[in-house]
Amino acid sequence: MLRFDPDGRRYLDGMAGLFCVNVGYGRREIVDAVAAQMAQLAYYPLTQSHGPAARLAARMAGLLPRGLGRVFFSNSGSEAVETALKMARQCARRMHPGENRYKVIARHRGYHGFTMGALSATGQSPRRAAFEPLVPGFMHVPPPDHYRCSFCSSQPSCTLTCADEIERVIRMEGTETVAAVIAEPVIGGGGVFPAPDGYLERVRAICDRYGVLLIIDEVITGFGRTGKLFGFEHSGIQPDILTFAKGLTSAYLPLGATVATERIFEAFQAEDGEAKFAQVSTFGGHPSSCAAGLANLEILTRERLWENSAAVGAYLFEKLRALRSPWIGDIRGAGLLVGMEIVTDANKTPLPEARMVQLQREMREAGVLVGRNNDSVPGYCNVLILSPPLTLNREQADTLVGAIEGGLARL
Ligand SMILES: Cc1ncc(COP(=O)(O)O)c(C=O)c1O
């Protein structure tokens with residue numbers, strides 16, 4: 001939980017690094033598991049297989065709903081998404097012979113990674129601008145942002161019109177051209193937008209109606225962040241493809257994973273029975289990373305950290321919502337993933353970026369590290385983000401709230 005700077009100053013890490021050190025810092029058993037793995041088998045490629053990868057894949061399948069258990073390992077969240085997009089394109093063509101299904105629908109403000117495909121799915125124009133034109137065939141619909149929604153912010157709750165936009169785009173583009181929809185259960189780095197009640201169910205129904213695959217990007221939300229083991233479990237849906245990274249190893253070593261259903265796996269099987277998804281990664285699913293993943297999941301499940309995320313997260317939300325400050329426009333999130341919109345007036349004018357940076361600096365001076373959405377929408381870099389390790393206790397939650405209250409008071 002604590003980090004130290006070179007002068008020995010202690011900080012409470014309210015961001016778990018970058019939404020990733022889920023089990024917290026200083027977990028000796030992960031270090032020992034990696035050292036033992038390196039001594040036993042430093043490397044072997046996944047063009048063959050090796051024990052740690054097989055064991056980790058089985059462990060993940062055991063935690064996921066039945067039928068979601070075909071795992072492809074890579075090195076990062078971006079690669080996990082890249083893999084998912086490639087799988088979706090190839091699989092959609094196999095499932096719909098004669099059609100050319102390649103388009104992918106994503107949401108504005110969503111983040112999916114820095115590689116060209118994942119960046120093309122990312123709905124954050126400032127991150128894309130320097131590299132355009134990106135990969136063809138990606139389109140974006142509005143996110144579920146009830147606070148600023150042009151469809152329903154005047155209504156008491158979300159009308160799911162933003163979900164229906166996906167159907168409109170599929171029909172406008174031509175059903176036979178759309179391969180997949182990709183969505184985070186809670187948009188994270190883009191400003192923390194949880195899927196409202198019924199949203200993922202509506203998206204799932206639309207995908208089913210048009211034979212479109214649903215990719216759920218769990219890179220931030222996976223492994224306890226939102227108060228359940230997986231973010232999609234807040235809904236009743238089953239995704240077709242899932243992507244993981246960060247919390248899979250709690251960032252002790254790099255590892256990404258893409259998980260597909262049995263139905264998708266079967267679509268890749270050729271006449272000779274062999275599954276053909278031709279993609280090679282030298283380091284993907286490295287034995288040491290898989291050993292870190294196994295030790296990490298052992299801690300996560302032994303300590304049932306998603307339950308702590310739900311309980312302390314609820315406490316944190318209660319304390320934050322009790323703050324009386326004219327700067328707080330909206331508070332939203334799930335579990336230990338919190339976004340606070342900081343505004344300057346009743347018209348929801350976002351606090352300018354330079355002052356957001358100043359606010360973060362104030363909190364750092366108070367010994368607390370908090371995050372902020374960055375480069376996601378021009379002019380709207382005004383969401384403070386909390387995503388601490390899932391081991392956070394109530395006293396530490398109080399420290400976070402105290403630092404935020406103090407920072408806002410000095411604005
Ligand atoms: C939802 C989501 N998907 C994908 C990624 C990309 O992961 P990485 O930075 O490991 O490439 C991120 C990174 O923050 C993310 O938040």
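Residues numbered from 1 in each chain as written. Predicted model: local features only at pLDDT ≥ 70, side-chain atom pairs only at ≥ 80, totals over all residues. Heavy atoms only, no water.

Time to look at the environment of Val-21. By the element assignment, Val-21 lies in the loop between α1 (16-19) and α2 (28-40). For the pair Val-21 and Thr-399, spaced 378 residues apart in sequence, the C-alpha separation works out to 19 Å. Residues in contact with Val-21, not counting those within four places in the same chain, are Ala-16, Ser-250, Ala-251, Tyr-252 and Pro-389. (Helix = DSSP H or I, 4+ residues; strand = E, 2+ residues; numbered from the N terminus. Contact = heavy atoms within 4.5 Å.)

A separate point is the environment of Gly-17. If you trace the backbone, Gly-17 turns up in helix α1. With 37 residues separating them in the primary sequence, Gly-17 and Ala-54 have C-alpha atoms 28 Å apart. Beyond its immediate chain neighbours, meaning those up to four positions away, Gly-17 contacts Arg-3 and Tyr-25.

Attention shifts here to the environment of Met-172. With respect to the helices and strands, Met-172 occurs in helix α7 (residues 161-173). In this structure, the C-alpha to C-alpha distance between Met-172 and Leu-411, residues 239 residues apart in sequence, is 47 Å.

Below, the discussion takes up the nonpolar core. Counting residues in each nonpolar core, the largest one holds 80 residues, and the members touching the most others are Met-60, Phe-244 and Leu-320. Of the residues forming this core, the biggest block, seven residues, is contributed by helix α11 (residues 305-322). Non-local contacts of Met-60, meaning those with residues more than four positions away in its chain, are made with Val-71, Phe-73, Phe-223, Phe-244, Leu-248, Ala-257, Val-259 and Leu-297. By size, the runner-up hydrophobic cluster in this structure holds 24 residues, among which are Val-81, Leu-85, Val-104 and Leu-213. (Core = buried A, V, L, I, M, F, W, Y, C linked by side-chain atoms within 4.5 Å. Buried < 20%, exposed > 50% of the residue type's maximum accessible area, 1.4 Å probe, protein only.)

Moving on: the packing of aromatic side chains. Applying the stated criterion across every chain yields a total of six aromatic pairs. For the ring pair Phe-268 and Phe-277, a centre distance of 5.6 Å and an interplane angle of 65° mean the geometry is edge-to-face. Through a chain of ring-to-ring contacts, three or more aromatic side chains come together here, namely Phe-223, Phe-230, Phe-232 and Phe-244. Stacked on the ring of Phe-265, the Lys or Arg Arg-70 has its end atom at 3.7 Å from the ring centre. If you follow Lys-348 out to its NZ or CZ, it ends over the ring of Tyr-147, 4.3 Å from the centre. (Phe/Tyr/Trp six-rings, centres within 6.5 Å; stacked < 30°, edge-to-face > 60°. Lys NZ or Arg CZ within 6 Å of the ring centre and 35° of its normal.)

Before going further, it helps to examine the packing of α2 against helix α10 (residues 287-302). Two elements in contact, α2 and α10, have axes whose closest approach is 8 Å; the angle formed by their N-to-C orientations is 150°. Classified by the angle between their axes, α2 and α10 sit roughly antiparallel to one another. Both α2 and α10 take part in a crossing whose hand is right-handed. Listed contacts from α10 to Glu-29, Ile-30, Ala-33, Val-34, Gln-37 and Met-38 of α2 are Pro-287, Ser-288, Ala-291, Ala-292, Ala-295, Asn-296, Glu-298, Ile-299 and Arg-302. The class makeup of the residues in the contact of α2 with α10 is nine nonpolar, three polar and three charged. (Axes fitted to C-alpha atoms, helices over the stretch in contact; angles between N-to-C directions. Parallel < 35°, antiparallel > 145°, perpendicular 65-115°, else oblique. Left-handed = near helix turned anticlockwise from the far one by under 90°. Nonpolar A, V, L, I, M, F, W, Y, C, P; charged D, E, K, R; others polar.)

The subject of this paragraph is the layout of surface pockets. Reported here for the largest pocket is a volume of approximately 800 Å³. Lining the largest pocket are 36 residues, and of these Leu-18, Phe-19, Tyr-111, Ile-220 and Lys-246 sit closest to its centre. With three residues, the single largest contributor to the lining of the largest pocket is α1. Taken together, the residues that form the lining of the largest pocket break down as 15 nonpolar, 14 polar and seven charged. Approximately 690 Å³ is the volume found for the second largest pocket. Contributing to the lining of the second largest pocket are 25 residues, with Leu-46, Val-71, Phe-72, Phe-265 and Phe-277 lying nearest its centre. When residues of the lining of the second largest pocket are traced back to their parent elements, those giving at least two are α3 (51-63), β3 (68-74) and α9 (262-267). (1 Å grid on protein atoms, 1.4 Å probe; cavity = no way out; pocket = protein on both sides within 12 Å on 5 of 7 lines; lining within 4 Å. Points joined across faces, edges and corners; volume = space filled by probe spheres on them.)

For α2, with 13 residues, the first-to-last C-alpha span of 18 Å sits near the 18 Å given by 1.5 Å per residue. Every buried residue belonging to α2 is among Ile-30, Val-34 and Gln-37, and all of these are buried. For α2, the angular spread of the buried residues around the axis is 65°, confining them to a single face. Turned more than 90 degrees away from the buried face of α2, the exposed residues are Arg-28, Ala-39 and Gln-40. For α2, the elements touching its buried residues are α3 and α10. (Expected span 1.5 Å × (residues − 1). Arc of directions from axis to C-beta.)

Any functional reading would require information beyond the geometric quantities listed.
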